[in-house]
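Commentary on secondary and tertiary structure
Here is what each chain is made of, one letter per residue.
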Amino acid sequence: MRLRTDDDIYRARLVYLGPPGYTLPIHLPYAQYGVFILLVPFFMFLHWLVTFEVEAFPAWEIALAMVSTSFIFRYVDPDRPARAVIRTALTDWRRTREPAVEQRDPRLVAARIRVREELV
């Protein structure tokens, strides 16, 4: 008797192939399109904060969004969704810094050792 595993569930990817009759040259999951669409306005806002200008064609923002999306989805798999990867990155970025001042560990060396013949 042969048992079927649930590997087919993990192999199935929701992929947008393009409009009917016009297949895109790249196959990306729907989640990557969503993250990309969220990152472009975010980078446009950051650009606006720095320069107080909005460009007609935001080339740098699109490029940064593409690189950021590919970096995020490098760590995404069926057991770790994109939301968890982003949350982990933000948590690690905020909380894993070294202290500004070096802290010395306490010394665990006895200054004097007394040997007694009897217990007190």
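The present account deals with the structure reproduced in this document. Computed from a predicted model, the values in this text were never measured in an experiment. (Residues numbered from 1 in each chain as written. Predicted model: local features only at pLDDT ≥ 70, side-chain atom pairs only at ≥ 80, totals over all residues. Heavy atoms only, no water.)

Comments concerning helix 3 (residues 59-72)
Compared with an ideal rise of 1.5 Å per residue, which puts 14 residues at 20 Å, helix 3 spans 20 Å between its outermost C-alpha atoms and is within 8% of the ideal. Among all positions in helix 3, only Glu61, Ala65, Thr69 and Ile72 are buried. Angular distribution of buried residues about the axis of helix 3 spans 65°; they occupy a single face of the element. Away from its buried face, by an angle of more than 90 degrees, helix 3 presents the exposed residues Trp60 and Val67. (Helix = DSSP H or I, 4+ residues; strand = E, 2+ residues; numbered from the N terminus. Expected span 1.5 Å × (residues − 1). Buried < 20%, exposed > 50% of the residue type's maximum accessible area, 1.4 Å probe, protein only. Arc of directions from axis to C-beta.)

Structural notes on the layout of surface pockets
For the largest pocket, the calculated volume is near 500 Å³. Along the walls of the largest pocket sit 16 residues, with Ile72, Val85, Ile86, Ala89 and Leu90 positioned nearest its centre. When residues of the lining of the largest pocket are traced back to their parent elements, those giving at least two are helix 2 (30-51), helix 3 and helix 4 (82-95). Examining the composition of the lining of the largest pocket, we find that six residues originate from one element, helix 4, more than from any other. Partitioned by chemical class, the residues of the lining of the largest pocket number 13 nonpolar, two polar and one charged. (1 Å grid on protein atoms, 1.4 Å probe; cavity = no way out; pocket = protein on both sides within 12 Å on 5 of 7 lines; lining within 4 Å. Points joined across faces, edges and corners; volume = space filled by probe spheres on them. Nonpolar A, V, L, I, M, F, W, Y, C, P; charged D, E, K, R; others polar.)

Quick word on unusual backbone geometry
A negative phi holds for most residues other than glycine; trans holds for most peptide bonds. At phenylalanine 52, a residue that is not glycine, the phi angle is positive and equals roughly 55°. In this fold, phenylalanine 52 is placed in the loop between helix 2 and helix 3. Taking the relative accessible area as the measure of exposure, phenylalanine 52 reaches 60% and is therefore exposed.

Geometry only, nothing functional implied.
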